[in-house]
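Residues per chain are reported as follows:
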Amino acid sequence: MRTLIFFGSVLMLSGCSVSHYLKRELKNSTVLSQQHTGVSIQNLGEKKELAAYQSNKYYNPASNTKLFSYYAGLCALGDSIPGLEYLEWGELLIIRGTGDPSFLHPDLPKSKVFEFLKNRKEPIFFTAYNFENKRFGPGWAWGDYNDYYQPEVSPLPVYGNIARFSGNTSSGETAERFQVAPAYWNKAMVLDTAASGIEREEGQNLFHHSRLGVPQGLIQDVPVRMTDAITIQLLSDTLKKEIKLINIPLEIELKKVNSIPSDSLYKRMMQVSDNMLAEQLMLLYASANGLPLNTEKAIAHAIEHHMSDLPDKPVWKDGSGLSRYNLFTPRTITTLLQKIHQKVPQEKLFQILPVGGKSGTLNNLFKSNQPFIFAKTGSLSNNYCLSGYLITKKGKTLVFSFMNNNFTRPTGEIRKEVERILTGLHDKF
């Protein structure tokens, strides 16, 4: 009995110590003094919060939203991504997208869909009848249409829905100063001495460039204005066969072609915080559950069927976290992280998430001989959040969510303060 009382006291002391440390550091922090901050910390495998500060308040999560999209994917998809649905109708092949972003994506493994379409002999028709989304999510900044992080959402993305411009490494006055992939877009270039880098016209795919274009050795990804017509033009150009458009519903059971391993999509999405992959993942979730390709319906379904046990209902509007309308509480995120850990073996999970000092968006933070932070970052103007798993020096695994909103300081200062406080938590406990 004395042994049980002793260990109980140690556990209580540990919890109180973590809570005392957190509140002291937040109270004394001049960096975090004029913003909204919320923190939730739990022991891995336990529901009760070990320490909390305003963890029941709602904050904009930025790209921490991708954790929810990731969990939705885990609940709906198997080891492989369903890349295409099709119907063999007489001598025709009718295809439709599942939302899979991997077809000819420059940063993902080669999709099996390419060989499937390339080897088909019959005429191919593409239908987008099942797509109900707008090209941008709610609360997105429409002025960011030219920025790499905001490709448009579509039922069957091609080349990641971007044009990739790269500075040419060849020398000489007659050499081309940059290249574009796919080469299909060479015909859409417009010399414009007033342009800075590559600037696409908002409503159409005309890319203005200066004489320099893209400096040698650099890359600029520019989102393409995606339409059904552009989709079939890119497909036709790449496959070297005509793909035609047809607008019909396919309300019967369809055959499917898988494309790439699911983990390869998840890892890329998490490591570099790829917004396009996160948005398309929610369409994949919709397709897998027999829904139209509609993010709003996918989110509602995921909350009802897989996240109804979260402590605070999320205000969840998109897959990536670009939306300013998203609102989550820190304790909801730590609860979700517990659910993710139950579904994914820790070794695999810690390879998918950015690792402090080692990989992804945490490559330059939390540097240590032995990594101790495995977490998802989230940044928007005036917002910085970090949520994931922390291993203390004593070997304890903690689940945490550290959310910061409405600050006016440079984001780098907030990031460093979060690093300082969480590193202290690692060192002391």
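The structure displayed is predicted, hence computed values, not measured ones.

**Digging into the packing of aromatic side chains**
For any pair of aromatic rings, geometry is given as the distance between the ring centres together with the angle between the planes. The full count for this structure, using the stated rule, is 16 aromatic pairs. On the numbers, 4.0 Å between centres and 10° between planes, the contact of F350 with F374 is stacked. Taken together, the residues F350 in helix α9 (residues 346-352) and F374 in strand β14 (residues 373-380) connect sequence positions 24 residues apart. An aromatic cluster is defined as three or more aromatic residues linked by ring pairs; in this entry it consists of F165, F178, Y184, W185 and F207. Just above the ring of F136 sits the side chain of R135; from NZ or CZ to the centre is 4.7 Å. The positively charged end of R415 is found above the aromatic ring belonging to Y384, 5.5 Å away from the centroid.

**Topic: the nonpolar core**
Residues L67, F68, Y70, M307, W316 and I340 are the most contacted members of the largest nonpolar core, which totals 45 residues. Within the residue set of this core, elements represented by two or more residues are α2 (66-76), α5 (262-271), α6 (275-288), α7 (295-306), α8 (330-343), α9, β15 (383-391) and β16 (397-405). When residues of this core are assigned to their parent elements, the largest contribution, 8 residues, is made by α6. Those residues in contact with F68 that sit more than four places away from it in its chain are M307, L310, P314, W316, F328, T332, I333 and L336. The next biggest cluster of nonpolar side chains, apart from the first, holds 35 residues, and it includes L84, A163, M226 and I243.

**Quick look at the sheet that holds strand β9 (residues 198-200)**
Spatially, β8-β10-β9 is the arrangement adopted by the 3 strands of the open sheet, whose pairing is mixed. At either end of the open sheet lies a strand with only one pairing partner, and these are β8 (189-191) and β9. Geometrically, the sheet is characterised by an average inter-axis angle of 30° between neighbouring strands, direction not taken into account.

**Concerning the pattern of salt bridges**
Inspection of the entire model under this criterion finds 21 salt bridges. Close ionic contact of E25 with R24 constitutes a salt bridge, the shortest N to O distance being 3.1 Å. The exposure class assigned to E25 is buried, which follows from its relative accessible area of 13%. The salt bridge partner of K339 is D309, with a shortest N-O separation of 3.1 Å. Placement of the pair is K339 in helix α8 and D309 in the loop between α7 and α8, with a sequence separation of 30 residues. Residue classification places K339 among the buried positions, given a relative accessible area of 11%. Put simply, D107, R164, D221, R268 and D274 are held in one network by salt bridges that share partners.

**Quick notes on unusual backbone geometry**
Residue A181 is joined to P182 through a cis peptide bond whose omega torsion reads 0°. With respect to the element layout, P182 can be found in the loop between β7 (178-181) and β8. Its identity as a non-glycine residue notwithstanding, Q54 has a phi of 50°, on the positive side. Of note in this structure, S273 is not a glycine but carries a positive phi near 55°. Along the chain, S273 turns up in the loop between α5 and α6.

**Brief notes about the sheet that holds strand β5 (residues 124-126)**
Taken together, the 5 strands give an open sheet; going across it, the order is β12-β5-β4-β3-β13, and neighbouring strands pair in mixed fashion. Sheet topology places β12 (243-245) and β13 (255-261) at the edges, where each strand pairs with a single neighbour. Direction aside, neighbouring strands of the sheet carry axes that sit 30° apart on average. Across 5 bridges, strand β3 (residues 80-89) lies against β13 in antiparallel orientation. Residue pairing across strands places Y86 opposite K255, the latter belonging to β13. Across the sheet, α5 lies against β3 and β13, angled at about 50° from β13, the strand it touches most.

**Re the side chain of S401**
Examined against the element boundaries, S401 turns out to sit in strand β16. Side chain to side chain, S401 and S387 meet in a polar contact 2.8 Å long. What S401 contacts, discounting residues up to four positions off in sequence, is G38, V39, S40, P330, I333, T334, L386 and S387.

**As for the side chain of N383**
Mapped onto the elements of the fold, N383 is located in strand β15. Once residues lying within four places of it in the same chain are set aside, the contact partners of N383 are N60, R324, G378, N404, N405, N406 and F407.

**Quick look at the environment of R120**
Mapped onto the elements of the fold, R120 is located in the loop between α3 (112-119) and β5. Taking relative accessible area as the criterion, R120 reaches 17% and is therefore assigned buried. Through-space distance from the C-alpha of R120 to that of L93 is 8.4 Å; in sequence the pair is 27 residues apart. For R120, the contacting residues outside a window of four places in its chain are Y86, E88, L93 and K241. Side-chain polar atoms of R120 contact the side chain of E122, separated by 2.6 Å.

**Here's the deal with α7**
Counted at 1.5 Å a residue, the expected span for α7 with its 12 residues is 16 Å, and the 16 Å between its end C-alpha atoms agrees. The secondary structure elements touched by the buried residues of α7 are α2 and α6. The N-cap of α7, judged by a side-chain oxygen 3.0 Å from the amide nitrogen of E296 a few residues on, is N294.

**Thoughts on a nonpolar patch on the surface**
Where nonpolar side chains cluster on the molecular surface, the patch consists of Y58, V315 and L327 and spans about 220 Å² of accessible area. Mapped onto the secondary structure, Y58 falls in the loop between β2 (49-53) and α2.

About the cut-offs
- Residues numbered from 1 in each chain as written.
- Predicted model: local features only at pLDDT ≥ 70, side-chain atom pairs only at ≥ 80, totals over all residues.
- Heavy atoms only, no water.
- Phe/Tyr/Trp six-rings, centres within 6.5 Å; stacked < 30°, edge-to-face > 60°.
- Helix = DSSP H or I, 4+ residues; strand = E, 2+ residues; numbered from the N terminus.
- Lys NZ or Arg CZ within 6 Å of the ring centre and 35° of its normal.
- Core = buried A, V, L, I, M, F, W, Y, C linked by side-chain atoms within 4.5 Å.
- Buried < 20%, exposed > 50% of the residue type's maximum accessible area, 1.4 Å probe, protein only.
- Contact = heavy atoms within 4.5 Å.
- Pairing = 2+ DSSP bridges.
- Axes fitted to C-alpha atoms, helices over the stretch in contact; angles between N-to-C directions.
- Salt bridge = Lys/Arg side-chain N within 4 Å of Asp/Glu carboxyl O.
- Polar contact = N/O pair within 3.5 Å; in protein donor to acceptor, adjacent residues only side chain to side chain.
- Expected span 1.5 Å × (residues − 1).
- Patch = residues over 30% accessible without salt bridge, like charges linked within 9 Å, V, L, I, M, F, W, Y side chains within 5 Å.
- Areas by Shrake-Rupley, 256 points an atom, 1.4 Å probe, with all protein chains shown as cover.

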